[in-house]
Amino acid sequence: MADDLENIPAVTVKEPLDLVRLSLDERIYVKMRNDREIRGRLHAYDQHMNMILSDAEETITTVEIDEETYEEVYRTTKRNIPMLFVRGDGVILVSPPMRTS
Amino acid sequence: MSRMESVEQGDSKFITSGKEKFLYYNTLAIIVKALEGSYTLIDLRNENTVSGKIARVDGWMNIEMEDVVFYDSRGTKHGFSQFFVCKRNIRYVHIPKGISTTDLIEKQLNKLSHRPKHKKPHTFKKSRANRYQQETVNSLFSVRAPKQTAN
């Protein structure tokens, strides 16, 4: 009985990119090089992780050092882009949408 | 000769190798290809931005642009009439509003696979060969035909 349950896969994930395929047409989170993050709806991707995202919100995090206290100050700048082609070589990770939210 | 012909055909005239064709059909380079002729913004890896008309794209996503305004990271503008972006310097390509990406890909695939029929020149040699062939076929049948009736 327990074996039967294990044999039924909830979703067919055979290779890593299948996980990305399951996120098609959903809002995903993409972590990019140079402290950039993008949230957007995934329209298409390929094996290089080139991606097409719509309603993308890019967050750039910069670190500045306060001249008086020498503390690190993180500053984020955000911008919205209606439709964006992201080149795959800058992608660090792709996270599927959160089921709970 | 055949290579020359395939190079000169229609929209696929800049496809130089099978590898490039493979890339068009298997990667998202095709969507940048589909943006040829439209005005877009390209973000580069070195924090600079280029805005202008995409003139030509190859399978590896190298982009040739025209009428370009180049914004460096401080926001200073520089104008260029021709501009070449090497593939590895691209970070983002902004896609113009109101474009369906699936339509874009579909249209571009149709364009790439469209092969206008190559008209071969009509030569005397060819028409003569045709005529001879027709004559031999006719003569064969005319020899055969009476036999069949005899049987």
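Residues numbered from 1 in each chain as written. Chains lettered and ligands numbered in written order. Predicted model: local features only at pLDDT ≥ 70, side-chain atom pairs only at ≥ 80, totals over all residues. Heavy atoms only, no water.

Caption draft 1: Structural detail: the UniProt feature "domain: Sm" (unreviewed entry) in chain B. As recorded in UniProt, the feature "domain: Sm" (unreviewed entry) lies at residues 36–94 of chain B. Along residues 36–94 of chain B, the helical share is 0% and the strand share 64%, with 13 Å between the first and last C-alpha atoms. (UniProt positions renumbered as here; feature names shortened; annotations may be inferred. Helix = DSSP H or I, 4+ residues; strand = E, 2+ residues; numbered from the N terminus.)

Caption draft 2: Quick look at the sheet that holds strand β1 (residues 39–44) of chain B. Spatial ordering of the open sheet is given by β5(A)-β1(A)-β2(A)-β3(A)-β4(A)-β5(B)-β1(B)-β2(B)-β3(B)-β4(B), a layout of 10 strands whose pairing is antiparallel. Of all strands in the sheet, those bounded by a partner on one side alone are β5 (91–95) of chain A together with β4 (77–85) of chain B. Averaged over neighbouring strand pairs, the angle between their axes works out to 30 degrees when direction is ignored. In this sheet, β4 of chain B lies alongside strand β3 (residues 63–71) of chain B in antiparallel orientation, the contact comprising eight bridges. (Pairing = 2+ DSSP bridges. Axes fitted to C-alpha atoms, helices over the stretch in contact; angles between N-to-C directions.)

Caption draft 3: Geometry of the confidence of the model for chain B. All names here are of chain B. The predicted model of chain B has a mean per-residue pLDDT of 82, with 83% of residues at 70 or higher. Every residue in residues 1–10 scores below 50 in pLDDT, and together they form 11 contacts with partners more than four places removed in sequence or on other chains. Here the prediction assigns the complex a pTM of 0.71, and the interface score ipTM is 0.78. (pLDDT = per-residue confidence, 0-100. Contact = heavy atoms within 4.5 Å.)

Caption draft 4: View of the interface of chain B and chain A. With 21 residues of chain B at the contact, the number on the chain A side is 23 residues. Across the chain B/chain A interface, buried area totals approximately 1,900 Å², and carbon plus sulfur atoms make up 58% of it. Counting the surface chain B buries against chain A, the share from its top three residues, Leu28, Arg91 and Tyr92 of chain B, is 35%. At the junction of chain B and chain A, the tally comes to three salt bridges. (Buried area = accessible area lost by both parts, 1.4 Å probe. Salt bridge = Lys/Arg side-chain N within 4 Å of Asp/Glu carboxyl O.)

Caption draft 5: How the structure looks around the packing of aromatic side chains. Evaluated as defined, the whole model comprises three aromatic pairs over all chains. Taken together, Phe70, Phe80 and Phe83 of chain B form an aromatic cluster joined through their ring pairs. (Phe/Tyr/Trp six-rings, centres within 6.5 Å; stacked < 30°, edge-to-face > 60°.)

Caption draft 6: Here's a closer look at the side chain of glutamate 58 of chain A. Here glutamate 58 of chain A is to be found in strand β3 (residues 51–65). In terms of polar contacts, glutamate 58 of chain A uses its side chain to reach the side chain of tyrosine 92 of chain B, at 2.7 Å. When residues no more than four places from it in sequence are discounted, the contact partners of glutamate 58 of chain A are Arg36, Glu37, Ile38, Thr77, Lys78 and Arg79 of chain A together with Tyr92 of chain B. (Polar contact = N/O pair within 3.5 Å; in protein donor to acceptor, adjacent residues only side chain to side chain.)

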